[in-house]
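# Descriptive structure summary
What follows is each chain in one-letter form.
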Amino acid sequence: IESLKSMLSSFGDDVRVKIMAADLETVELTDDFIAPADAAAALEKLVKRVPLGSTDMAKILNTSAGAFPAGADRKRAVVYLGDGMSKANILQEGEFAGIIKNLVDNRVSVSSFAIGPQRDVLLLATVANHTGGVVYVDSDDQAIAKQAGVELARAASAPVLWPIKTTLPAQLESSYPANVPPLRTDRDSILIGMISERGEYTIAMDAELAGNPIALSWTVSP
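Residues numbered from 1 in each chain as written. Predicted model: local features only at pLDDT ≥ 70, side-chain atom pairs only at ≥ 80, totals over all residues. Heavy atoms only, no water.

## Notes on the overall build of the protein
What the protein contains, in helices and strands, is six helices and 10 strands. The C-alpha atoms of the protein give 19 Å as radius of gyration, which agrees with the globular expectation for 222 residues (17 Å, within 12%). Relative to its full complement of 222 residues, the protein shows a buried share of 36%. A total accessible area of about 12800 Å² is found for the protein, and carbon and sulfur atoms account for 52% of it. Averaging the coordinates of the 20 positive side-chain charges in the protein and doing the same for the 28 negative ones gives two points 3 Å apart. (Helix = DSSP H or I, 4+ residues; strand = E, 2+ residues; numbered from the N terminus. Rg over C-alpha atoms; globule rule 2.2 N^0.38 Å. Buried < 20%, exposed > 50% of the residue type's maximum accessible area, 1.4 Å probe, protein only. Areas by Shrake-Rupley, 256 points an atom, 1.4 Å probe, with all protein chains shown as cover. Lys, Arg positive; Asp, Glu negative; His and termini not counted. Charge placed at Lys NZ, Arg CZ, Asp CG, Glu CD.)

Given below as structure tokens:
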């Protein structure tokens, strides 16, 4: 709750938020997207909920991807606060790939604050990596709750570059992940691969930034 309050107070006046409680189902605590300063009633509802049930992360992520107004040109971001443990629906590889595709197609980045005695940080980090988000992990430091909220607000507001077409050098025989992940300026994006020979390589990318096309290119020497 402290992290959520800190995040809301750190957003700019132009940001609009929808607050949802999530376990087996997602429950909207605001009727629509509202100004962060108007979220007091939603926070009161959230405080009254007892966080005891299992969680269905697939439903949470799919519902979040479809929660935004159609055609809106605003940056779309989801911030998840929880343990990421999907005990009610153990995610399978094919299902997970479909969820990620849904988020990417809708240009929704997902950032998380991993809290709780048990946490699936691997799941939350994988979702963040493939959707242009970031992950923060709770600790015994009492100050982290407020600081995490500040960082999550910054992460949700930061620009994300969505690759549309990437041209990798012919000498790169294989690379992983197969789809180049969204790029951020505040964290690294890494491709792992095999090269047939050393040399100076060129990498080109057509991407989308805030709905606008952008061309990028790099010259690299392994």
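Moving on, there is more to tell.
## Description of the sheet that holds strand β10 (residues 212–220)
A sheet is described by the order of its strands in space; here three strands give the open sequence β6-β9-β10, paired in antiparallel fashion. One side of each edge strand has no neighbouring strand; the edge strands of this open sheet are β6 (161–167) and β10. Going across the sheet, the axis of each strand differs from the next one's by a mean of 30°, ignoring polarity. (Pairing = 2+ DSSP bridges. Axes fitted to C-alpha atoms, helices over the stretch in contact; angles between N-to-C directions.)

## Quick word on the environment of Pro177
In this structure, Pro177 sits in the loop between β7 (172–176) and β8 (192–195). Relative accessible area serves as the criterion here: at 13%, Pro177 is assigned to the buried category. Counting along the chain gives 63 residues from Pro177 to Ala114, while the straight-line C-alpha distance between them is 24 Å. If we ignore the near neighbours within four places in the chain, the residues touching Pro177 are His130, Ile190 and Leu191. (Contact = heavy atoms within 4.5 Å.)

## Remarks on the sheet that holds strand β5 (residues 135–137)
With parallel pairing, the three strands of this open sheet are ordered in space as β3-β4-β5. Whereas interior strands pair on both sides, the edge strands pair on one side only; in this sheet they are β3 (76–82) and β5. Strand-to-strand twist of the sheet, defined as the mean angle between neighbouring strand axes without regard to direction, takes the value 15°. The strands that helix α5 (residues 121–131) touches are β3, β4 (108–114) and β5; relative to β4, the one it contacts most, it runs at about 155°.

## Overview of the packing of helix α1 (residues 2–10) against helix α6 (residues 144–157)
One way to put it is that α1 packs onto α6 with a least axis distance of 7 Å and a crossing angle of 40°. Taken together, the axis directions place α1 and α6 in an arrangement best described as oblique. The hand of the α1/α6 crossing is right-handed. Residues Glu2, Ser3, Ser6, Met7 and Ser10 of α1 touch α6, and the partners they reach there are Ala145, Lys146, Ala148, Gly149, Val150, Leu152 and Ala153. Considered class by class, the residues forming the contact of α1 with α6 number six nonpolar, four polar and two charged. (Parallel < 35°, antiparallel > 145°, perpendicular 65-115°, else oblique. Left-handed = near helix turned anticlockwise from the far one by under 90°. Nonpolar A, V, L, I, M, F, W, Y, C, P; charged D, E, K, R; others polar.)

## As for unusual backbone geometry
A cis amide bond links Tyr176 to the next residue, Pro177, at an omega of 0°. A positive phi is found at Arg107, a non-glycine position, where the angle reads about 55°. For Arg107, the position within the fold is in the loop between α4 (93–105) and β4. Although it is not a glycine, Ala210 sits at a positive phi angle of roughly 55°. Among the residues examined, Ala210 registers a relative accessible area of 63% and is labelled exposed.

## Considerations on the side chain of Thr55
Residue position: Thr55 is located in the loop between α2 (40–47) and α3 (57–65). Discounting chain neighbours no more than four positions away, the residues touching Thr55 are Asp23, Ile60, Met85, Ser86, Lys87, Ala88 and Asn89.

## Observations concerning the pattern of salt bridges
Summed over the entire model, instances satisfying the criterion amount to seven salt bridges. Salt-bridge contacts for Glu151 lead to Arg154; the nearest nitrogen and oxygen are separated by 2.7 Å. In this pair, Glu151 and Arg154 both sit in helix α6, three residues apart, roughly one turn of the helix. (Salt bridge = Lys/Arg side-chain N within 4 Å of Asp/Glu carboxyl O.)

## Notes on α5
Here α5 has its buried residues at Leu123, Leu124, Val127, Ala128 and Thr131. In a view along the axis of α5, the buried residues occupy a sector of 130°, so they form one face of it. In the core, the buried residues of α5 are packed alongside α3, β3, α4, β4, β5 and β6. Two residues or fewer after α5 comes Gly132, characterised by a positive phi angle close to 80°. (Arc of directions from axis to C-beta.)

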